Structure formats: structure tokens, C-alpha cells
Amino acid sequence: MSNTSQFSEFGRTASDDVSSQGDFFRESNMRISSTGKKTLDFEIFVQPGFSHLELAAITAVLEVANDVQTTFQTTSRIISDIPGLVANGNIMVRAEPAIGEQYLQHCLIIIGGTEVNSQAWMGRVRAMQRLGRPVVLFSDAATEYIKASTPKQTPVTTHWRDIEILNEIGDFPTLSTRLVEYGNSGFTCAGKGHAMEVAFSL
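Residues numbered from 1 in each chain as written. Predicted model: local features only at pLDDT ≥ 70, side-chain atom pairs only at ≥ 80, totals over all residues. Heavy atoms only, no water.

I tried to follow the packing of aromatic side chains on my own but got confused; where do I start?
Aromatic ring pairs: the centre-centre distance and the angle between the two ring planes describe each pair. Across all of its chains, the model carries 1 aromatic pair by this definition. Between Y182 and F187, the aromatic rings sit 4.9 Å apart at their centres with planes inclined by 45°, giving tilted as the arrangement. Here Y182 falls in the partly exposed class, since its relative accessible area comes to 22%. (Phe/Tyr/Trp six-rings, centres within 6.5 Å; stacked < 30°, edge-to-face > 60°. Buried < 20%, exposed > 50% of the residue type's maximum accessible area, 1.4 Å probe, protein only.)

Even after reading the chapter, I still don't get the environment of K38, so can you show me in this structure?
In this structure, K38 sits in strand β2 (residues 38-45). The exposure class of K38 is partly exposed, given its relative accessible area of 30%. (Helix = DSSP H or I, 4+ residues; strand = E, 2+ residues; numbered from the N terminus.)

Where do I start with unusual backbone geometry in this structure?
Negative phi characterises most residues that are not glycine, and trans characterises most peptide bonds. Of note, S139 is a non-glycine position whose phi angle comes to about 40°, a positive value. Positionally, S139 belongs in helix α5 (residues 139-149). You will see that K192, though not glycine, has its phi angle at about 50°, which is positive. With respect to the helices and strands, the residue K192 is situated in the loop between β9 (186-189) and α7 (195-201).

I would appreciate a short explanation of the packing of α5 against helix α6 (residues 160-169) in the present structure.
When two helices pack together, you describe them by how their axes are tilted relative to each other and by the distance separating the axes. At their nearest, the axes of α5 and α6 sit 11 Å apart, and the two run at 15° to each other. It follows from the interaxial angle that α5 and α6 lie roughly parallel. Handedness of the crossing formed by α5 with α6: right-handed. Every residue of α6 that contacts α5 at D140, T143, I146 and K147 is listed here: R161, D162, L166 and I169. For the contact of α5 with α6, the per-class residue count stands at 3 nonpolar, 1 polar and 4 charged. (Axes fitted to C-alpha atoms, helices over the stretch in contact; angles between N-to-C directions. Parallel < 35°, antiparallel > 145°, perpendicular 65-115°, else oblique. Left-handed = near helix turned anticlockwise from the far one by under 90°. Contact = heavy atoms within 4.5 Å. Nonpolar A, V, L, I, M, F, W, Y, C, P; charged D, E, K, R; others polar.)

For this particular structure, what's the right way to read the side chain of S33?
Examined against the element boundaries, S33 turns out to sit in the loop between β1 (31-32) and β2. Judged by its relative accessible area of 11%, S33 is buried. Leave out the neighbours within four places in its chain, and S33 touches T39 and Q73.

Before we go on, may I ask you to explain α5 in this structure?
An α-helical turn contains 3.6 residues, so any two residues separated by three or four positions project in the same direction. Summarising burial for α5: 8 of the 11 residues are buried, a large majority. T150, located one to two residues past α5, shows a positive phi value of around 40°.

Bear in mind that shape data such as this cannot, by itself, settle questions of function.
Quick look at the structure:
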């Protein structure tokens, strides 16, 4: 049985897997902006070769969230260990510097890509986990997180193409073929086309 069929046999979507974990953004945790609005702040970590699809999905959903409801507003900023213009081919985004474990936001999202380096963001991920704030790792970023953290108890997942490779190179007993897994304040996700579903469900 292929990994793609293993994903489909669960009969679940990324939205199902995320929504079952409960509400992470309670009003009591929101920031009050200078205009008096309840605000959720997101930071999106990118590196060279970032996934266009995942970045576009996240930014689009956050924009829509501000358009369709008035209970709270969202803000987002793109950060990187290589600040300035970060590129994948002819598509570039401007990123602010990610400064160690400082200036943490309500939610950290790590975008997958061809040049993902977990050493650049693992400290920030750990700091968020200590505070109980959600971290979302997509596709290649989820894969690198799994390699670096070698989880033995918390469930993890990643893009289907990497699952078989991970099972061959290491011992990852909690690695699953679900679209999304949650553990230790972190979501590991298949990403790519499922990134938008996860963003909606948050």
C-alpha cells in the first residue's frame, strides 16, 4: 500500500485533525492593540527555497480572517535567520530578523522548502513550547523537526514522501501517516496543499 493511499484511508481532513485539539487562541491570551482590538500575532519563518504554496495559503487565510469577522484581528510578520530578501526562484519576500528566542508571538509557523535548516529555528520552537504557544511545522520543516527532536511519545507526521525515508534512517515510533499530528504545543503537518486547511482550523 502506498503512503498516499494510507493518507486517504483515514477519511479525515487536516481540518478534522486540528479542530479535535481544541481552542488554542482564547480571548484571555489575545493582545489589545493600540486601537483597542483583540489581536492575535503570527510569525511566519521562511528560509531560501521556501514553499510558495504554503506561504501563500497562510497569508491568504490570515487576510480572510480579518475580512469575515470582527471579534479579533490578526497580524503577521515574515521572519528568517537570513533577513532581507529571501527567495525561491524568482519569487522573493522581505523577512525581518529572527532574534534568538526574543519577541515571540502568539503562534509560530515554519514554512517548508528545499533549504530548511532546523538549527536556525529550533531554539525559537522550544521557547514557544515552554510557553505553551502553538507552533506549526509544514512538510520539510516537519521532517527536519522530527529528525532533530527524535520524539518517542508525542505523535508526529510530515509529507508522505518523507515518511518512508524517516522510517528507514531512524527510530520514530510515533511517526504517523495522518495529515496533522499534535503534541507538545506543536503541530507537524503534511503541508503543501493541506496548509490552507490547517490555517483555517487554527
